Amino acid sequence: MKKVLFAIAISASIFTGCSSDDDAPVIKEPVVGEISGNLTTSKTFAYGNYTLKGMVKIQSGVTITFEKGSTITADKTNGETGLVVLNGGKLIAEGTVNEPIVFTEKSKVAGSWAGIIMYGDAPIVGLSSATSATSEDGLSLSYGGTNAAHNGGSLKYVRVEYAGQVITSQTKEHNGFSFYSVGSGTVLENLVSYKGNDDGFEFYGGTVSGKNLISYGNGDDAFDWQDGWKGQDNTNWFAYQTGVANYGMEVEAKSVNNAFWPKVTNITLKRAAGTTTEGQGEIQLDAIQFKKEGNGDYSNIVIDGYVNQTTPTAFNGGAVQILDLTTYTNQVVGGKIKLTNVKVTNTPNIFVTGGAGFTVSAASFPGTNWGVNTTATGASLAAGKWATVDGVNLLANL
């Protein structure tokens, strides 16, 4: 049952211009409201401060819009909470550089809620080349289809904070942003995933691309994908890993040797000194890991700070890890992993071999598929309130 309550707040305001009568500033007061249940009717939520309760689902055929500058706050004491866009539904959340739309959590503790989850019907290539799969977010929904141009809405200048709730690993876990078979008609621009407990951004197949993405302080991988994701228009990705973190980018393809790859330009991956891997069972210290036939075309890359681990056991970290022999043979030697215009600093090992039977080096990459450039610039992002949390400029380490 949908429940939406509204009241007028007087503690915050937005300056929207001057009146025609006396040139006095016109102040727009934020609405205060609660959002819960299934959203079955299209609606625009005016600029305001909203409480999100439970797993709120935007149903098929419904468009939900949030006005710029709005803040939507989850509260972990209310149980599992997240915003889900079901296939056929649309989320329009278009903030601005200084009036972002912020999804956060009351306690400001990583892993407190489920973040934004979007479903579409774009193609996937799952395990054994399956064209559909079941989600790992606990909703157990099928995803995958034939609509490459699926449109799930438009997210611009949106920040998700303290998400990445993990209830049961692999079967009920969440990221900052989770995109299940989302299509290329969806707009993802200037998004921040801040201090979540799992991945910052994860793509489960689909064809959507993301521009100007920041993954800051997330506890697992900064960027992660599987199921044959093949976004072709990705640019300006920045990962800053601090505290506890795993890979900057985890690249896999469900052990399917795909004839295509995703493409990302202008990437900066940085790991702060003292950052530790999430667990000792699977030590994950590298900037980019390729496994299970993961591939792709990546250019203008800056990698910094991916150092070796000395305690509790010694373990090497590096810029690029190839985990298994099959990925090495089919994707590296086969010419489907391209890493060009790469600058590596404060990282003792360029290549790390994750398994037996092969050794990775620059010579492993055919033709011009590997190239070092000390003048590579990486991501280029504009500062503003969209990239500022509690007075901290997230781009200070870019």
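Cut-offs used in this document
- Residues numbered from 1 in each chain as written.
- Predicted model: local features only at pLDDT ≥ 70, side-chain atom pairs only at ≥ 80, totals over all residues.
- Heavy atoms only, no water.
- Helix = DSSP H or I, 4+ residues; strand = E, 2+ residues; numbered from the N terminus.
- Rg over C-alpha atoms; globule rule 2.2 N^0.38 Å.
- Buried < 20%, exposed > 50% of the residue type's maximum accessible area, 1.4 Å probe, protein only.
- Contact = heavy atoms within 4.5 Å.
- Areas by Shrake-Rupley, 256 points an atom, 1.4 Å probe, with all protein chains shown as cover.
- Lys, Arg positive; Asp, Glu negative; His and termini not counted.
- Charge placed at Lys NZ, Arg CZ, Asp CG, Glu CD.
- Arc of directions from axis to C-beta.
- Pairing = 2+ DSSP bridges.
- pLDDT = per-residue confidence, 0-100.
- Core = buried A, V, L, I, M, F, W, Y, C linked by side-chain atoms within 4.5 Å.
- Salt bridge = Lys/Arg side-chain N within 4 Å of Asp/Glu carboxyl O.

1. Structural notes on the overall build of the protein chain
From N to C terminus, the protein chain includes 1 helix and 33 strands. Here the protein chain has a C-alpha radius of gyration of 21 Å; the compact-globule value for 398 residues is 21 Å, and the two agree. For the C-alpha atoms alone, the extent of the protein chain along its principal axes is close to 75 × 40 × 40 Å. The buried share of the protein chain, taken over its 398 residues, is 54%. In the protein chain, the share of contacts with a sequence separation of at least 24, taken over all contacts with a separation of at least 6, comes to 71%. By element, 50% of the accessible surface of the protein chain is carried by carbon and sulfur atoms, the whole surface being about 15,200 Å². Charge centroids of the protein chain, computed over 27 positive and 35 negative side chains, lie 2 Å from each other.

2. As for helix 1 (residues 325-333)
Side chains that are three or four residues apart share a direction in an α-helix, a result of its 3.6 residues per turn. All buried positions along helix 1 are accounted for by Thr-327, Tyr-328, Gln-331 and Val-332. Axial view of helix 1: buried residues confined to an arc of 110°, hence all on one face. On its buried side, helix 1 packs onto strand 26 (288-291), strand 28 (320-322) and strand 29 (337-345). Looking at the residues trailing helix 1, positive phi occurs at Gly-335, about 85°.

3. Some details on the pairing of strand 24 (residues 249-252)
Taking every second residue as pointing to the same face, both faces of strand 24 are buried, with Met-249 and Val-251 on one and Glu-250 and Glu-252 on the other. In this structure, strand 22 (residues 223-226) lies alongside strand 24, joined through 3 bridges in parallel fashion. What sits directly across from Asp-224, in strand 24, is Glu-250. Alignment of strand 24 against strand 26, held across 4 bridges, turns out to be parallel. Pairing of Met-249 across the sheet is with Ile-288, part of strand 26.

4. A word on the confidence of the model for the protein chain
On average, residues of the protein chain score 93 in pLDDT, and 92% of them are at 70 or above. Contacts of residues 1-21 to residues separated by more than four positions or lying in other chains number 54 contacts, the stretch itself having pLDDT below 50.

5. Considerations on the nonpolar core
By size, the foremost hydrophobic cluster in this structure holds 66 residues, and its most contacted members are Phe-66, Phe-103, Tyr-298 and Leu-339. With residues up to four places along the chain from it excluded, the contact list for Tyr-298 reads Trp-225, Met-249, Val-251, Pro-262, Val-264, Ile-267, Phe-290, Lys-338, Leu-339 and Thr-340. Of all hydrophobic cores here, the second largest spans 15 residues; its members include Ile-214, Tyr-240, Ala-387 and Val-389.

6. Here's the deal with the environment of Thr-242
Mapped onto the fold, Thr-242 is located in the loop between strand 23 (234-241) and strand 24. Spatially, the C-alpha atoms of Thr-242 and Asn-218 are 7.7 Å apart, while their sequence positions differ by 24 residues. Aside from chain neighbours lying at most four places away, what touches Thr-242 is Gly-217, Ala-272 and Thr-275.

7. Quick word on the side chain of Asp-297
Mapped onto the elements of the fold, Asp-297 is located in strand 27 (residues 296-304). The side chain of Asp-297 is buried and forms no salt bridge, while Lys-338, the nearest opposite charge, is found at 4.7 Å. Filtering out sequence-adjacent residues up to four positions away, Asp-297 remains in contact with Trp-261, Pro-262, Lys-263, Val-264 and Lys-338.

8. Regarding unusual backbone geometry
Negative phi is the rule for most residues except glycine; trans is the rule for most peptide bonds. Put simply, Thr-311 and Pro-312 share a cis peptide bond, and its omega is -5°. Secondary-structure assignment places Pro-312 in the loop between strand 27 and strand 28. Although it is not a glycine, Ser-181 adopts a positive phi angle of roughly 45°. With respect to the helices and strands, Ser-181 occurs in the loop between strand 18 (177-180) and strand 19 (187-194). Phi at Asn-346 is positive, roughly 50°, even though this residue is not glycine. Position of Asn-346 relative to the elements: it lies in the loop between strand 29 and strand 30 (351-353).

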